[in-house]
Number of protein chains: 2
Amino acid sequence: MDRRQRKSREAIFKAFSELLSEKSFSHITVGEIIDRADVGRATFYAHFETKDYLLKELCEELFCHIFDSVEGKLNNHKHIFECDAPDSVFLHLFQHLKKNDNSILELLSCQNNEIFLRYFKDGLLKLIKSESFLFENENMKQLPEDFRINFISSAFVETVKWWIDNKMKYSPEEIAGYFMLVTNCKTQMF
Amino acid sequence: MDRRQRKSREAIFKAFSELLSEKSFSHITVGEIIDRADVGRATFYAHFETKDYLLKELCEELFCHIFDSVEGKLNNHKHIFECDAPDSVFLHLFQHLKKNDNSILELLSCQNNEIFLRYFKDGLLKLIKSESFLFENENMKQLPEDFRINFISSAFVETVKWWIDNKMKYSPEEIAGYFMLVTNCKTQMF
DNA sequence: TATGATATCGAACATTTTGTTCAATATTAT
DNA sequence: ATAATATTGAACAAAATGTTCGATATCATA
């Protein structure tokens, strides 16, 4: 990708992210974005069809990293179900979030976090679906599979939301423990 | 309330609801609403400050009924914790939704359902908070209270969402059973 | 380093949407 | 019947969207 393109794209992402932590998505205008990013109006529309697509691409870029890291983890541990809690997928996710190596946390905790949490959940859903055998437990066997998978994803996202709302004052290990408790998957999944 | 006011208000609500099941909230314009409702532009703005307030008031009107019915139930059964499952609050909510006595189901199942599910969850959260002693169980005692309450509300809303997505092919009793299973609250809450 | 390709610029532009105003008209409550 | 009030339609300003285009700056690469 051309350096100019990359620069413009990043300037727009940066400006947009900043604005998202100041006001709600629907009240942000293209005019504000390009002013802050310091790019021309035509440039914006050369990169992104609409404001909605900008959001979509930002989300994809953000969650790409975090899910890649989980998939790597899954592939490295074919026998993950034999591991202890510290090696679990979910603990890994909590730890990854805590490290905050990109701006994902900022966006997950801003007033528009619902948008990002939804993307987060969708990615999680796919991940769990693809490895669903890992996420079974005795209690929930009788439930329809998609109900079960949906429940686990939702519970995880809600836990993350609560964790962030509480300024992440609990350690990844503690919060993973809470999550294990409510999903009742301690012995099977970790 | 003046009959003219009521008529305009209802025409606007109706038009807005219809549009919501056709396209996303952000793409609906005031122009479209007033065309379909067949009221003047000035009338719209006499009733609602903005499109956002229209949504807010629609939600309030919709969920007012359903939560009132639950509170009534709670007051009629001071000893609800001694009741069997069929009398539970949550089963009552599932049954109330199934009856579909207003247009709430339509909106909960349209492509914009996230908006309404969020309102639903907020109402639920308040309800559960006010009667939180009813929603305890052995397993979850060690969790922070707001975490627990948030988890139950989320699990309920996610269950409703899944139920609706699956065309409500399960009975209120069945779906209440699923909910009880994942929240692990069978013995204490019902 | 010269060249052709391409990204950006900025300014102008048409279009859409928002939100306000106002005088004329219709409906309501009493 | 009367006074109060809601609606109307049209016009209006302001803001936002999305497009166009020629000039300029930057890039890849030979």
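Parameters and conventions
- Residues numbered from 1 in each chain as written.
- Chains lettered and ligands numbered in written order.
- Predicted model: local features only at pLDDT ≥ 70, side-chain atom pairs only at ≥ 80, totals over all residues.
- Heavy atoms only, no water.
- Helix = DSSP H or I, 4+ residues; strand = E, 2+ residues; numbered from the N terminus.
- Buried < 20%, exposed > 50% of the residue type's maximum accessible area, 1.4 Å probe, protein only.
- Areas by Shrake-Rupley, 256 points an atom, 1.4 Å probe, with all protein chains shown as cover.
- Domains from an automatic or database assignment.
- Contact = heavy atoms within 4.5 Å.
- Buried area = accessible area lost by both parts, 1.4 Å probe.
- Salt bridge = Lys/Arg side-chain N within 4 Å of Asp/Glu carboxyl O.
- Polar contact = N/O pair within 3.5 Å; in protein donor to acceptor, adjacent residues only side chain to side chain.
- Nonpolar A, V, L, I, M, F, W, Y, C, P; charged D, E, K, R; others polar.
- Axes fitted to C-alpha atoms, helices over the stretch in contact; angles between N-to-C directions.
- Left-handed = near helix turned anticlockwise from the far one by under 90°.
- Least-squares fit on C-alpha atoms with pLDDT ≥ 70 in both.
- Near = heavy atom within 4 Å.
- Disulfide = S-S within 2.5 Å.
- pLDDT = per-residue confidence, 0-100.

## Side note on the overall build of chain A
Along the backbone of chain A there are ten helices and zero strands. Its helices and strands taken in sequence order, chain A reads α-α-α-α-α-α-α-α-α-α from the N to the C terminus. For chain A, with 190 residues in total, the buried portion stands at 51%. Accessible surface computed for chain A: about 9500 Å², of which carbon and sulfur atoms make up 48%.

## A few points about the domain arrangement of chain A
Residue and element names in this part refer to chain A. According to the domain assignment, chain A consists of domain 1 (1-48) and domain 2 (55-182). For domain 1 versus domain 2, the separation of C-alpha centres amounts to 29 Å. Contacts between the two partners involve eleven residues from domain 1, matched on the other side by ten residues from domain 2. Taken together, the two surfaces of domain 1 and domain 2 that pack against each other cover about 950 Å², and 59% of this comes from carbon and sulfur. It is Phe-13, Leu-20 and Phe-25 that lose the most area in domain 1 upon contact with domain 2, and together they represent 45% of the buried surface on that side. Taken together, domain 1 and domain 2 are joined by two salt bridges. Ionic pairing is found between Arg-9 and Glu-57, a salt bridge with its closest N-O pair at 3.0 Å. Between the two partners, domain 1 and domain 2, sit six residue pairs in polar contact (both at pLDDT 80 or more). Grouping the constituent residues of the side of domain 1 that touches domain 2 by class yields five nonpolar, three polar and three charged.

## Regarding the packing of helix 8 (residues 145-165) of chain A against helix 8 (residues 145-165) of chain B
Close contact between helix 8 of chain A and helix 8 of chain B brings their axes to 10 Å; oriented N to C, the two are set at 145°. The hand of the helix 8 of chain A/helix 8 of chain B crossing is right-handed. In contact with A:Asp146, A:Phe147, A:Asn150, A:Phe151, A:Ser154, A:Ala155, A:Glu158, A:Thr159 and A:Trp162 of helix 8 of chain A, helix 8 of chain B contributes B:Asp146, B:Phe147, B:Asn150, B:Phe151, B:Ser154, B:Ala155, B:Glu158, B:Thr159 and B:Trp162.

## Structural notes on the relation of the copies chain A and chain B
Between the two copies, chain A and chain B, the superposition gives an RMSD of 0.1 Å; the rotation angle is 180° and the shift along the axis is 0.1 Å. Here the symmetry operator amounts to a two-fold rotation axis. When the interface residues of chain A are mapped onto chain B, 100% of them are again interface residues, pointing to one common binding face.

## What about the protein's contact with DNA strand C?
Lining the immediate environment of DNA strand C, one finds 19 residues, of which A:Ser8, A:Gly40, A:Thr43, B:Arg3 and B:Arg41 sit closest. Of everything in DNA strand C that lies within 4 Å of the protein, sugar and phosphate atoms constitute 71%. Separating a phosphate oxygen of DNA strand C from a side-chain N or O atom of A:Ser8 is a distance of 2.5 Å. A:His47 is positioned with one of its side-chain polar atoms (N or O) 3.2 Å from a phosphate oxygen of DNA strand C. Elements supplying a minimum of two residues to the surface near DNA strand C: helix 1 (3-20) and helix 3 (41-47) of chain A together with helix 1 (3-20), helix 2 (30-37) and helix 3 (41-47) of chain B. Of the residues assigned to the surface near DNA strand C, the class counts are five nonpolar, seven polar and seven charged.

## Quick word on the state of the cysteines
Disulfide: a covalent bond formed between the sulfur atoms of two cysteine residues. For the coordinates displayed, the defined rule picks out zero disulfides over all chains. Not engaged in a disulfide, the cysteine A:Cys59 finds its nearest cysteine sulfur in A:Cys110; these two sulfurs lie 10 Å apart.

## Thoughts on the environment of B:Val39
Residue and element names in this part refer to chain B. Looking at the secondary structure, you find Val-39 in the loop between helix 2 and helix 3. Owing to a relative accessible area of 16%, Val-39 belongs among the buried residues under this scheme. C-alpha separation for the pair Val-39 and Ser-171, spaced 132 residues apart in sequence, amounts to 41 Å. When sequence neighbours within four positions are dropped, the list of residues in contact with Val-39 reads Ser-8, Ile-12 and Ile-34.

## A short note on the confidence of the model for chain A
All names here are of chain A. When pLDDT is averaged along chain A, the result is 84; 89% of the residues meet or exceed 70. Across chain A, helix 2 (residues 30-37) holds the top mean pLDDT of 96, while helix 10 (residues 186-189) sits lowest at 45. Long-range and interchain partners of residues 80-87, a stretch whose pLDDT sits below 50, account for 15 contacts in this model, where long-range means more than four residues apart.

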